[in-house]
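# Analysis of the macromolecular model
Spelled out, the chains give:
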Amino acid sequence: MNRRSYKERDNSNYEAMLADSTIRYCTGCRMCWEIVKEVSNSYGNKSANKYVKFYNHIPSWGKQKLKCFHCLKMKVEKFVKLYYTRKLIK
Ligand SMILES: [Zn+2]
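First things first, this report covers the structure right here in the doc.

## Focus: the pairing of strand β2 (residues 31–42)
For strand β1 (residues 24–26) and β2, the ladder comprises three bridges, and the chain directions are antiparallel. For Cys26, the partnering residue across the bridge sits in β2 and is Met31. Remark: four residues form the turn of the hairpin made by β1 and β2, two consecutive strands paired antiparallel; Arg30 in that turn has positive phi of roughly 55°. In this structure, the hairpin formed by β2 and strand β3 (residues 45–55) is closed by a connection of two residues, where Tyr43 is found at a positive phi of approximately 50°.

Now the structure itself:
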């Protein structure tokens, strides 16, 4: 019967999950972003590919404010090298 509270609980779980990752907020384009590492394994050769993932509908509160590579006018390869980290810098 209580559909609304169920939905709210769902959202808070989602937030808790996001708070644990390295999502930053760009004040330039007002989007949250994260550098994601993707490891592919083909024929025993492991290769890691890092790319920037953008999130449209995430609130900016609690996020580290850092401009994305578009707004810094930086090449994505250089940007990823500079800012990829598993931990939040506080
Ligand atoms: Zn930006």
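## Observations concerning the sheet that holds strand β4 (residues 64–65)
Ordered in space as β3-β2-β1-β4, the four strands form an open sheet in which the pairing is mixed. Both outer strands of the open sheet, β3 and β4, are each paired with one neighbouring strand and no more. In this structure, β2 lies alongside β3, joined through 11 bridges in antiparallel fashion. Considered in β3, the bridge of Ile35 is made with Val52.

## What to know about the environment of Tyr51
Residue position: Tyr51 is located in strand β3. Overall, the presence of 12 C-beta atoms within 10 Å leaves Tyr51 in the exposed class. In the structure, Tyr51 is positioned 28 residues away from Phe79 in sequence and 9.5 Å away in space, judged by C-alpha atoms.

## Here's the deal with unusual backbone geometry
Unlike most non-glycine residues, Tyr43 shows phi in positive territory, near 50°. By secondary structure assignment, the location of Tyr43 is in the loop between β2 and β3. Notably, Lys73 is not glycine yet its phi reads approximately 55°, a positive angle. Within the secondary structure, Lys73 is located in the loop between α2 (69–72) and α3 (76–83). By C-beta crowding, Lys73 is classed as exposed, having 7 other C-beta atoms within 10 Å.

Reading the values: the criteria
- Residues numbered from 1 in each chain as written.
- Predicted model: local features only at pLDDT ≥ 70, side-chain atom pairs only at ≥ 80, totals over all residues.
- Pairing = 2+ DSSP bridges.
- Helix = DSSP H or I, 4+ residues; strand = E, 2+ residues; numbered from the N terminus.
- Buried ≥ 20, exposed ≤ 12 C-beta atoms within 10 Å, placed from the backbone.

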